[in-house]
Amino acid sequence: MSEEFDGTSYVYLKHIYRAESDAAKHLHRLITGKLPWAGIPLEKTIVEAQAKANITLAPSQHETLLRVLQSKVSLVIGGPGVGKTTTLNTLLRVV
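Bear in mind the structure is a predicted one, so any value in this text is a computation, not a measurement.

How each quantity is defined
- Residues numbered from 1 in each chain as written.
- Predicted model: local features only at pLDDT ≥ 70, side-chain atom pairs only at ≥ 80, totals over all residues.
- Heavy atoms only, no water.
- Helix = DSSP H or I, 4+ residues; strand = E, 2+ residues; numbered from the N terminus.
- Rg over C-alpha atoms; globule rule 2.2 N^0.38 Å.
- Contact = heavy atoms within 4.5 Å.
- Areas by Shrake-Rupley, 256 points an atom, 1.4 Å probe, with all protein chains shown as cover.
- Lys, Arg positive; Asp, Glu negative; His and termini not counted.
- Charge placed at Lys NZ, Arg CZ, Asp CG, Glu CD.
- Expected span 1.5 Å × (residues − 1).
- Buried < 20%, exposed > 50% of the residue type's maximum accessible area, 1.4 Å probe, protein only.
- Arc of directions from axis to C-beta.

Would you mind showing me how to read the overall build of the protein chain here?
Regarding its fold elements, the protein chain presents 4 helices and 2 strands. Secondary structure of the protein chain in N-to-C order comes out as β-β-α-α-α-α. At 19 Å, the protein chain has a C-alpha radius of gyration far larger than the 12 Å of a compact globule built from 95 residues. Taking contacts inside the protein chain between residues at least 6 apart in sequence as the whole, the part at least 24 apart equals 50%. As presented, the protein chain carries roughly 7,200 Å² of accessible surface, and 58% of it is formed by carbon and sulfur atoms. Considering the protein chain, the positive charge centre built from 11 side chains and the negative charge centre built from 8 side chains are found 12 Å apart.

Please explain helix 2 (residues 42-53) as it appears in this structure.
Side chains that are three or four residues apart share a direction in an α-helix, a result of its 3.6 residues per turn. Between its first and last C-alpha, helix 2 extends 16 Å over 12 residues, near the 16 Å set by a 1.5 Å rise per residue. Of the residues making up helix 2, those classed as buried are Leu42, Thr45, Ile46, Ala49 and Gln50. End-on, the buried residues of helix 2 take up no more than an arc of 140°, which puts them together on one face. Those residues of helix 2 that are exposed and aimed more than 90 degrees away from the buried face are Lys44, Ala51 and Lys52. Check the buried side of helix 2 and you find it contacts helix 3 (59-69) and helix 4 (84-94). At the C-terminal side of helix 2, Asn54 shows a positive phi close to 55°.

In structure tokens:
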């Protein structure tokens, strides 16, 4: 299977092209539309979630949590010990 983009031709294996195209369609479907938690007071809810869990998020964790809550699709990455699990556990308390 081949496709032209910006004047350059690209050749793909058919099953890989289909898998990438399907993934792009599903991702587009996920990111369009209204956030399911729109209207929740984010800052207040984050503070309440921290209190319930008896934790205080680091500023970077708090910022990450806000960014995740403002998007329908997010990827949280980082090395060991940077707080991904704590941030995501707090996210689950918020939503």
